[in-house]
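Next come the chains, spelled out residue by residue.
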Amino acid sequence: MKFKRNIYILIIAIVIYFTLIVFYKKVILKDEFNYVYALSTNVSRGDKVLESGLVKIKISSNILDKYMTVYTGQGYYRDDYLEGSIVLEDMILSNDEYINAGINTEIISIKLDSAEAAASYQIEKGSVINIFYSAKSSEIESVFNSINKESVISNNLESGYVTMKILENTKIISCYDKYGNITKTGNVVETILVEVSKDESIKINNLKNYGKFSISIIK
């Protein structure tokens, strides 16, 4: 009888043990913990987010909105991060946000003078445009002579104003509003990104100090 009682006690104990394990996994862990990603290696700004460089860990679920919980196979790191760092959503740039120039080119931002200069809100990423620049002739004379672009001068080079077509058939890489947010079609665009040669980049960045930019839409 004592042997049978011990067997019953052992069976009951095993049932209770597995019941508690199931309850812990299904209820306690489900409610209080979830999986997020942490870095398994050091990463640098611009590195592509790869699953091989991530490891899953458990954290309290009350802060899940701050962390990356799903691997999408896309995105690039915004900055340099150390191994072991939990991956925050803000640490990842989407494919649309990440801009990468070619070997012999640079990507520059051009702030447009006004909504009218932005072609009545009709531009967006992928639009093909011409970019014009206007300034007082005397202030940009040296740059004007080196650019050698199609231009119109009012009055004369010493006292008038000049308008130049500095870029032609240029595709817009991205558009931003005054807060730095990527815009959608129909929204006010303040700044555009375009890809230019390194020589053009130097000259255009120099011109930013003296005049204003506007555009016309090709398509």
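Since the structure is predicted, the reported quantities are computational estimates derived from the model, not experimental observations. Residue indices begin from 1 for each chain and proceed along its sequence in written order. Where totals are concerned, whole chains, interfaces and linings use all residues; where local detail is concerned, this predicted model gives features only for residues with pLDDT of at least 70, and gives and counts side-chain atom pairs only at 80 or more. The basis for the side-chain values is all heavy atoms of the structure; hydrogens and waters are excluded.

**Q** Sorry, what's going on with the overall build of the chain here?
**A** A run of DSSP states H or I qualifies as a helix once it reaches four residues; a run of E qualifies as a strand once it reaches two. Both are numbered from the N-terminal end. Broken down by element type, the chain carries 3 helices and 11 strands. Across the 219 residues of the chain, 30% fall into the buried class. Residue contacts are defined here by distance: any two heavy atoms, one from each residue, within 4.5 Å place the two residues in contact. For the chain, long-range pairs separated by at least 24 residues make up 65% of all intrachain contacts whose partners lie at least 6 apart in sequence. Working note: accessible area of the chain is about 14200 Å², and carbon and sulfur atoms make up 52% of it. Buried residues are those whose accessible area, probed at 1.4 Å on protein chains only, stays under 20% of the maximum for their type, while exposed residues exceed 50% and partly exposed ones sit between those limits. Method for areas: the Shrake-Rupley scheme with a 1.4 Å probe, in which residue coverage is limited to the protein chains shown.

**Q** So what exactly am I meant to see when it comes to helix H3 (residues 198–207) here?
**A** An α-helical segment advances 3.6 residues per turn. Residues three or four places apart therefore align on the same side. Within H3, burial applies to Ser201, Ile204 and Leu207. Take H3 and look down its axis: the buried residues cluster within an arc of 130°, on one side only. An arc is given here, and it is the one of the directions from the helix axis to the C-beta atoms.

**Q** Which parts of the structure should I look at to understand the nonpolar core?
**A** Ranked by size, the top nonpolar core spans 22 residues in total, and within it Ile110, Ile131, Ile166, Ile192 and Phe213 carry the most contacts. Counting only elements with at least two residues in this core, the list comes to strand S5 (105–111), strand S6 (128–136), strand S8 (161–171), strand S10 (191–197), H3 and strand S11 (212–217). Buried Ala, Val, Leu, Ile, Met, Phe, Trp, Tyr and Cys residues form a nonpolar core when they are joined through side-chain atoms within 4.5 Å. Core analysis: the second largest hydrophobic core is formed by 11 residues, Leu39, Val43, Met68 and Tyr81 among them.

**Q** Got a minute to help me understand the confidence of the model for the chain in this structure?
**A** Should pLDDT be low for a region, the predicted coordinates there are not to be read in detail. Overall, the prediction assigns the chain a mean pLDDT of 77, with 76% of residues at 70 or greater. Of all secondary-structure elements in the chain, the lowest mean pLDDT belongs to strand S7 (residues 151–153), at 54, while S10 reaches the highest, 88. As a per-residue quantity, pLDDT reports the predictor's confidence and falls between 0 and 100.

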